[in-house]
Amino acid sequence: MAIRLLGVCGSMRANSYSSRLATIALAEASKHGAETRLLELSAIDLPTYNPDNESMDHIGLRAATEAVNWADAFLLASPDYHGSMSGAMKNFLDFYWAEFAGKLFAYICASHEKGLTVMEQMRTSVRQCYGWSLPYGVSVYGEKDFDSSGQLVSHVDRRLRMLSRDLVVYGALIRGQFQADLAEGATETFAARYRT
Ligand SMILES: Cc1cc2nc3c(=O)[nH]c(=O)nc-3n(C[C@H](O)[C@H](O)[C@H](O)COP(=O)(O)O)c2cc1C
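The following refers to the structure shown.

Rules used in this analysis
Residues numbered from 1 in each chain as written. Predicted model: local features only at pLDDT ≥ 70, side-chain atom pairs only at ≥ 80, totals over all residues. Heavy atoms only, no water. Phe/Tyr/Trp six-rings, centres within 6.5 Å; stacked < 30°, edge-to-face > 60°. Helix = DSSP H or I, 4+ residues; strand = E, 2+ residues; numbered from the N terminus. Lys NZ or Arg CZ within 6 Å of the ring centre and 35° of its normal. Salt bridge = Lys/Arg side-chain N within 4 Å of Asp/Glu carboxyl O. Buried < 20%, exposed > 50% of the residue type's maximum accessible area, 1.4 Å probe, protein only. Core = buried A, V, L, I, M, F, W, Y, C linked by side-chain atoms within 4.5 Å. Contact = heavy atoms within 4.5 Å. 1 Å grid on protein atoms, 1.4 Å probe; cavity = no way out; pocket = protein on both sides within 12 Å on 5 of 7 lines; lining within 4 Å. Points joined across faces, edges and corners; volume = space filled by probe spheres on them. Nonpolar A, V, L, I, M, F, W, Y, C, P; charged D, E, K, R; others polar.

1. Topic: the packing of aromatic side chains
- On inspection of all chains with the given rule, the structure shows 11 aromatic pairs.
- Centroid distance F74 to F100: 5.4 Å. Interplanar angle 80°. Geometry classified as edge-to-face. Residue F74 is found in strand β3 (residues 73-79), and its partner F100 is found in the loop between α4 (87-94) and β4 (104-110); the two are separated by 26 residues along the sequence.
- Linked through ring pairs, Y49, F74, F92, F95, Y96, F100 and F105 together constitute an aromatic cluster.
- It is R20 that lies over the ring of F146; its NZ or CZ is 4.1 Å from the centre.
- Across from the ring centre of W70, 4.2 Å away, lies the NZ or CZ of R37, which sits over that ring.

As structure tokens, then:
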């Protein structure tokens, strides 16, 4: 079965570089057999997460939750804001936790530096929800790393293709094992605490 890969874009900006990077990465992942979807947070206008109102009835939130539950693996794409992920991305993550367990995440970032702290923060949030992370990410300095025809410079392009391939291959392994552990009902596994 094809792995279902959800890209989530945390920029509100039209023509966002992080979103462009995610689009390229998802196209590459589909060449490796993934079924892909893109969730642009700019398009769904999520409310601010409020733990007092978890039953929030909101069309964008319903769409996001449906996509999160569909996904076997995630590609999170954020701009670098003050060395952090965007508020929109953090707000999205706050709505979920158990949904992330046993799934692999990869991180990409639009930054004028290297976006390392941004990707590290996304990794920390995901780890807190028992999600797995690729050990490296890809960042783009949009104004420099896209040429005038919209092509990525080759060193970023190569790294992005490697990340897409690894996300599909390792994402399928981790998801497959997690689901097998759940089905088997073994008690001494990481998956056991998620069995209903
Ligand atoms: C509020 C704000 C804060 C930013 N902080 C940083 C920063 O700390 N480091 C950095 O390299 N770039 C910073 N930037 C630049 C953005 O990361 C850069 O423009 C990036 O391309 C935005 O991503 P996007 O094109 O996906 O929207 C900041 C931009 C804004 C609007």
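2. A look at the pattern of salt bridges
- As enumerated under the stated definition, the model contains 10 salt bridges in all.
- With its nearest N and O atoms 3.3 Å apart, the salt bridge here joins K31 to E28. Separated by 3 residues within a single helix, K31 and E28 lie in helix α1 (residues 17-31), roughly one turn from each other.
- Residue class for K31 comes out exposed when judged on its relative accessible area of 62%.
- Note that D157 and R161 form a salt bridge whose closest N and O atoms lie 3.0 Å from each other. Linking D157 with R161, this pair stays in helix α7 (residues 154-184), spanning 4 residues, or about one helical turn.
- R161 gets classed as partly exposed once you look at its relative accessible area, which sits at 32%.
- By sharing partners, the salt bridges in this structure join E28, K31, D157 and R161 into a single network.

3. Some remarks on the nonpolar core
- Residues L6, V8, F74, L76, F92 and F100 are the most contacted members of the largest nonpolar core, which totals 30 residues.
- Broken down by element, this core gets its largest block of residues, 5 residues, from helix α3 (residues 59-70).
- Aside from chain neighbours lying at most four places away, what touches L6 is R37, L38, L39, A67, V68, W70, A71, A73, F74 and L75.
- The next biggest cluster of nonpolar side chains, apart from the first, holds 29 residues, and it includes L5, A106, I108 and V168.

4. Observations concerning the layout of surface pockets
- As a volume, the largest pocket reaches approximately 310 Å³.
- What lines the largest pocket is a set of 17 residues, among which K114, G137, V138, S139 and R159 lie closest to the centre.
- If you list the elements that add at least two residues to the lining of the largest pocket, you get α5 (116-128), β6 (138-140) and α7.
- With 4 residues, α5 is the single largest residue contributor to the lining of the largest pocket.
- A class-by-class count of the residues in the lining of the largest pocket yields 8 nonpolar, 3 polar and 6 charged.
- As a volume, the second largest pocket reaches approximately 240 Å³.
- What lines the second largest pocket is a set of 16 residues, among which P79, D80, A110, S111 and H112 lie closest to the centre.
- At the level of secondary structure, the elements contributing two or more residues to the lining of the second largest pocket comprise α1 and α6 (142-145).

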